[in-house]
Amino acid sequence: MIDPKLLRGSAEEVAGNLARRGFDFDAGRYLEIEERRKALQVETEQLQGKRNASARQIGQAKARGEDIEPLLEAVRTTGERLDAAEAELTEVRSALRDIELGLPNLLADDVPDGAGEDDNVELRRIGEPRDFGFEPRDHVELGTALGLLDFDAAAGMSGSRFAVMRGDLARLQRALVQFMLDVHTREHGYEEAYVPYLVHAEALIGTGQLPKFEDDQFKTTDETPFYLIPTAEVPLTNLARDVIFDAGELPVLYTAHTPCFRSEAGSYGQDTRGMIRQHQFEKVELVHLVTADASAAALETLTSHAETILERLGLPYRVVSLCGGDIGFGANKTYDLEVWLPGQARYREISSCSNYGDFQARRLKARVRNPDTGKPEPIHTLNGSGVAAGRALIAVMENYQRADGRIAIPEVLKPWMGGAEFIGPSD
RNA sequence: GGAGAGAUGGCUGAGUGGUCGAAAGCGCUCCCCUGCUAAGGGAGUAUACGUUAAUAGCGUAUCGAGGGUUCGAAUCCCUCUCUCUCCGCCA
């Protein structure tokens, strides 16, 4: 949520910033409703004050044993006027809230201009795509040939966009998760958390997935439905809900491994082959809760933590700064890490690291006490994948494949693979 | 799933219709006193919104959430959520 004070005071500037995303914010209409709200609120509060004063008088008169009937008569109309004003105020407030919840975050100044994916700016490339000396296969071919990856079985029970993994391939994904969690908790200072995978709508509103992206979520049919988390960002960031931190408590760094569930509405035909885009996938998530002045630097740190994983795995990748048109709803700035996939001969997103500024914090009422003023102020939140395990698995399969179809095991994963050198039939 | 009890400020805990945003204690902050320490005295100590140059005042709201009764609700009524105890079930 954008600071309402900023919206009121600088609606046109806000509209200008949001236009960089291709988002059309009708500042004039917003200000009109806001004016109405202000007038109604003043009126309502004056009437409440009048009513309170009268009630007090009546109480005192009654205590003195006086006749209160004339006083009651005097208040009679106040109540009706108050009810009417309150009803309209509620309506106007709700309209304002709908607008405010629908507004994406302001973009940081250094976000590149552009309309879509093609306008993203590559910042750096790390590692060289390997020269295989043979035509590299994609993960579907590799996994299926090994008998460890089975889309048909998954389709039989759950339909498309699910996969079954077996044996050493399933184990390799677990190894990736263990490796990532250990690096982040032991070397990067994160606290590991185990969190709910089913959350209420409020939690998703807090992080910005709702109300705008209802269609992307899976949810239950309960009267108050549960939503399956699309990312651990949701439960981890919600840990800060309604919290007022002392300045000394920040930064707080959380990590968690969870499955993620996405309905992938509107992505029909995209990435239908393989495990790139699934309804259910595993991810290790990183979340930072920081003070406002620290968030820009924290984005660099968080991104470097995700990069560490790719570097240790020996996977070639590049870092891209998303342009205004491609950046997510709640983020003010985003770096994507894209890993090289030999099977597709292109870089594909494996981590997205974003600074949300105070956007989520306002929705969550996540605050920090300013040590100078003593007043609570919104914290800043950041999150990034560190990294997506399903896609990391694909990347390892494709980058570590051998001519014989077996898959070498990256050095750092061997402790979790029983010391084996490769996945596949032994000779 | 069944039965019962509860939810009040940073914490403990009073408060069953009227000056209660809320006693008291603890904690915390500042000041005074005291030649260290301990003890003592005083003041302050929620959040949001509005008004405002103001983190000064003033107003409004908030005692789990939402609705209702009333001139007036922490207090009465309804619905919901959560916590605790017991029973059942269960990994």
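Residues numbered from 1 in each chain as written. Chains lettered and ligands numbered in written order. Predicted model: local features only at pLDDT ≥ 70, side-chain atom pairs only at ≥ 80, totals over all residues. Heavy atoms only, no water.

K.L.:
When you look at the pairing of strand 8 (residues 252-261) in this model, what are you seeing that I'm missing?
P.N.:
Remark: a regular strand shows side chains that alternate across the two faces of the sheet. Burial of strand 8 is extensive: nine of the ten residues sit out of reach of the surface. With two bridges connecting them, strand 4 (residues 191-192) and strand 8 associate as parallel partners. Bridging from a neighbouring strand, Glu 192 pairs with Thr 255 of strand 8. (Buried < 20%, exposed > 50% of the residue type's maximum accessible area, 1.4 Å probe, protein only. Helix = DSSP H or I, 4+ residues; strand = E, 2+ residues; numbered from the N terminus. Pairing = 2+ DSSP bridges.)

K.L.:
Would you mind showing me how to read the sheet that holds strand 9 (residues 280-290) here?
P.N.:
Two modes of strand pairing occur in sheets, parallel and antiparallel, and in both the strands are linked by backbone hydrogen bonds. The strand order 1-10-11-12-15-9-8-4 describes an open sheet built from eight strands, whose pairing is mixed. Of all the strands in the sheet, the pair left with one neighbour each is strand 1 (121-126) and strand 4. Where helix 12 (residues 389-399) meets the sheet, its contacts fall on strand 9, strand 11 (333-341), strand 12 (346-355) and strand 15 (380-388), and the angle it forms with strand 15 comes to roughly 35 degrees. (Contact = heavy atoms within 4.5 Å. Axes fitted to C-alpha atoms, helices over the stretch in contact; angles between N-to-C directions.)

K.L.:
Would you explain helix 12 in this entry?
P.N.:
In an α-helix, one turn spans 3.6 residues, which is why side chains three or four residues apart end up on the same side. Within helix 12, eleven of the eleven residues are buried, leaving the element largely enclosed by the surrounding structure. Every buried residue of helix 12 is listed here: Ala 389, Gly 390, Arg 391, Ala 392, Leu 393, Ile 394, Ala 395, Val 396, Met 397, Glu 398 and Asn 399.

K.L.:
Would you mind showing me how to read the protein's contact with RNA strand B here?
P.N.:
Taken together, 20 residues lie around RNA strand B, and Arg 8, Gln 41, Gln 48, Ala 55 and Gln 60 are the ones closest in. Atoms of RNA strand B within 4 Å of the protein belong to the sugar or the phosphate in 59% of instances, the rest to bases. Ala 55 has a polar backbone atom sitting 2.7 Å from a base nitrogen of RNA strand B. One nitrogen or oxygen atom from the side chain of Lys 62 is found 3.0 Å from a base oxygen belonging to RNA strand B. Taken together, the elements giving at least two residues each to the surface near RNA strand B come down to helix 3 (27-63), helix 4 (69-102) and strand 13 (367-369). Among the elements that make up the surface near RNA strand B, the one with the highest residue count is helix 3 (14 residues). A breakdown of the residues in the surface near RNA strand B according to their chemical character gives six nonpolar, six polar and eight charged. (Near = heavy atom within 4 Å. Polar contact = N/O pair within 3.5 Å; in protein donor to acceptor, adjacent residues only side chain to side chain. Nonpolar A, V, L, I, M, F, W, Y, C, P; charged D, E, K, R; others polar.)

K.L.:
Looking at this model, I keep getting lost on the side chain of Thr 78. Mind explaining?
P.N.:
Mapping Thr 78 onto the fold places it in helix 4. Excluding its chain neighbours within four sequence positions, the residues that come into contact with Thr 78 are Leu 47, Lys 50 and Arg 51.

K.L.:
Could you clarify how one ought to interpret the packing of helix 5 (residues 139-146) against helix 12 in this entry?
P.N.:
For the pair helix 5 and helix 12, interaxial distance at closest approach is 9 Å and the crossing angle is 80 degrees. As summarised for this structure, helix 5 and helix 12 are arranged roughly perpendicular, according to the angle between their axes. In this structure, helix 5 uses His 139, Leu 142 and Gly 143 to contact helix 12, whose residues at the interface are Ile 394, Met 397 and Glu 398. Across the contact of helix 5 with helix 12, the residue classes tally to three nonpolar, two polar and one charged. (Parallel < 35°, antiparallel > 145°, perpendicular 65-115°, else oblique.)

K.L.:
Could you clarify how one ought to interpret the packing of aromatic side chains in this entry?
P.N.:
The geometry of an aromatic ring pair comes down to the distance between the two centres and the angle between the two planes. Across all of its chains, the model carries six aromatic pairs by this definition. Considering the side-chain rings of Phe 213 and Phe 329, the 5.3 Å spacing of their centres and the 80 degrees angle between planes classify their relative orientation as edge-to-face. Taken as a pair, Phe 213 in the loop between helix 8 (201-207) and strand 6 (227-228) and Phe 329 in the loop between strand 10 (317-321) and strand 11 lie far apart in primary sequence, 116 residues in all. Overall, Phe 213 belongs to the partly exposed group, its relative accessible area being 30%. Residue class for Phe 329 comes out buried when judged on its relative accessible area of 13%. Between Phe 329 and Phe 359 the ring centres are 5.7 Å apart and the planes differ by 80 degrees, which places this aromatic pair in the edge-to-face class. You can see Phe 329 sitting in the loop between strand 10 and strand 11 and its partner Phe 359 sitting in helix 11 (residues 359-364), a full 30 residues away along the chain. Across this residue pair, the class does not change: Phe 329 and Phe 359 are buried. Through successive ring pairs, a cluster of aromatic residues spans Phe 213, Phe 329 and Phe 359. Over the ring of Phe 422 we find Arg 402, and its NZ or CZ is 4.7 Å from the ring centre. Over the ring of Phe 422 we find Arg 406; its NZ or CZ atom is 4.3 Å from the centre of that ring. (Phe/Tyr/Trp six-rings, centres within 6.5 Å; stacked < 30°, edge-to-face > 60°. Lys NZ or Arg CZ within 6 Å of the ring centre and 35° of its normal.)

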